[in-house]
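Tertiary structure, described
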Amino acid sequence: ELVDSVSKGGNLLLNVGPRGDDAQIPTPQLDRLKAMGAWLRDNGEAVYGTRPWSFAEARTDDGAPVRFTTRGDRLNVIPLTAVGGGELVVRGVALSGLGVRLSDGCPVELRAEGDATRMIFARPQTGAFAPAVAIDGGAAATP
């Protein structure tokens, strides 16, 4: 919800409240907040201070949602599901740019394939949350 809102120019209001009996935040809420914080620690540059791009959303080859944000000459491509393996194909946009990387600096290769872009990660991606891909240097797209 956070990334979807930001990609469309919105924000996310969190409604987290302590229990009335002991003033503790319930464990399921706390776990979600910690997971969101961990993802933002690694991928915050794709969220903080960004603006919507000319396309807010697209889909991967297998139908999973992808969102876009931008700041300056950087385009951020943010899959909303886990990325299994070492590739991600985004349908509907052919992307190009000068430098492509994950937030940790790991390089990503872009290959335009008609109306799609194949992103090949230098190392396989695992985990419950996908990393944001940053395309530096005036990313261009053709719808």
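Structure report, in brief. The shown structure was predicted, so the numbers you read here are calculated from the model rather than taken from an experiment.

1. Considerations on the sheet that holds strand β4 (residues 85-91)
One key point about sheets: their strands pair by backbone hydrogen bonds, in either a parallel or an antiparallel sense. Here eight strands make up an open sheet; going across it, the order is β6-β9-β3-β2-β1-β4-β8-β7 and the pairing antiparallel. Two strands close off the open sheet at either side, each with one partner strand: β6 (99-102) and β7 (108-113). The mean angle between the axes of side-by-side strands here comes to 30°, regardless of whether they run parallel or antiparallel.

2. Observations regarding the layout of surface pockets
Put simply, the largest pocket is a space of about 580 Å³. Residue lining of the largest pocket: 23 residues in total, with E1, L2, R32, M36 and F129 positioned closest to the centre. The dominant element in the lining of the largest pocket, judged by the number of residues it contributes, is helix α2 (residues 27-43), at seven residues. Its residues assigned to classes, the lining of the largest pocket comprises 17 nonpolar, three polar and three charged. The space that makes up the second largest pocket amounts to roughly 230 Å³. The leading source of residues in the lining of the second largest pocket is α2, at five residues. Split by residue class, the lining of the second largest pocket holds eight nonpolar, four polar and three charged.

3. Let's talk about the pattern of salt bridges
In the structure shown here, the tally under the stated rule is 14 salt bridges. Ionic pairing is found between E113 and R118, a salt bridge with its closest N-O pair at 2.8 Å. Overall, E113 belongs to the partly exposed group, its relative accessible area being 32%. Connected via shared salt-bridge partners are D4, K8, E57 and R67.

4. Some details on a nonpolar patch on the surface
On the surface, L14, V16, I25 and L30 cluster together to form a nonpolar patch covering roughly 280 Å² of accessible area. When you line up the elements, L30 lands in helix α2.

5. Examining the pairing of strand β2 (residues 65-71)
In terms of burial, β2 is a largely internal element, six of the seven residues being buried. Note: strand β1 (residues 51-60) against β2, five bridges, orientation antiparallel. Within β2, the position partnered with R51 by the bridge is T70. Joining the antiparallel neighbours β1 and β2 is a turn of four residues, in which G63 adopts a positive phi near 90°. The sheet contact formed by β2 and strand β3 (residues 74-79) spans six bridges and is antiparallel. Note on β3: the bridge partner recorded for T70 is L75. Between the end of β2 and the start of β3, which pair antiparallel, lie two residues, with G72 showing a positive phi angle near 60°.

What counts, and at which threshold
- Residues numbered from 1 in each chain as written.
- Predicted model: local features only at pLDDT ≥ 70, side-chain atom pairs only at ≥ 80, totals over all residues.
- Heavy atoms only, no water.
- Pairing = 2+ DSSP bridges.
- Helix = DSSP H or I, 4+ residues; strand = E, 2+ residues; numbered from the N terminus.
- Axes fitted to C-alpha atoms, helices over the stretch in contact; angles between N-to-C directions.
- 1 Å grid on protein atoms, 1.4 Å probe; cavity = no way out; pocket = protein on both sides within 12 Å on 5 of 7 lines; lining within 4 Å.
- Points joined across faces, edges and corners; volume = space filled by probe spheres on them.
- Nonpolar A, V, L, I, M, F, W, Y, C, P; charged D, E, K, R; others polar.
- Salt bridge = Lys/Arg side-chain N within 4 Å of Asp/Glu carboxyl O.
- Buried < 20%, exposed > 50% of the residue type's maximum accessible area, 1.4 Å probe, protein only.
- Patch = residues over 30% accessible without salt bridge, like charges linked within 9 Å, V, L, I, M, F, W, Y side chains within 5 Å.
- Areas by Shrake-Rupley, 256 points an atom, 1.4 Å probe, with all protein chains shown as cover.

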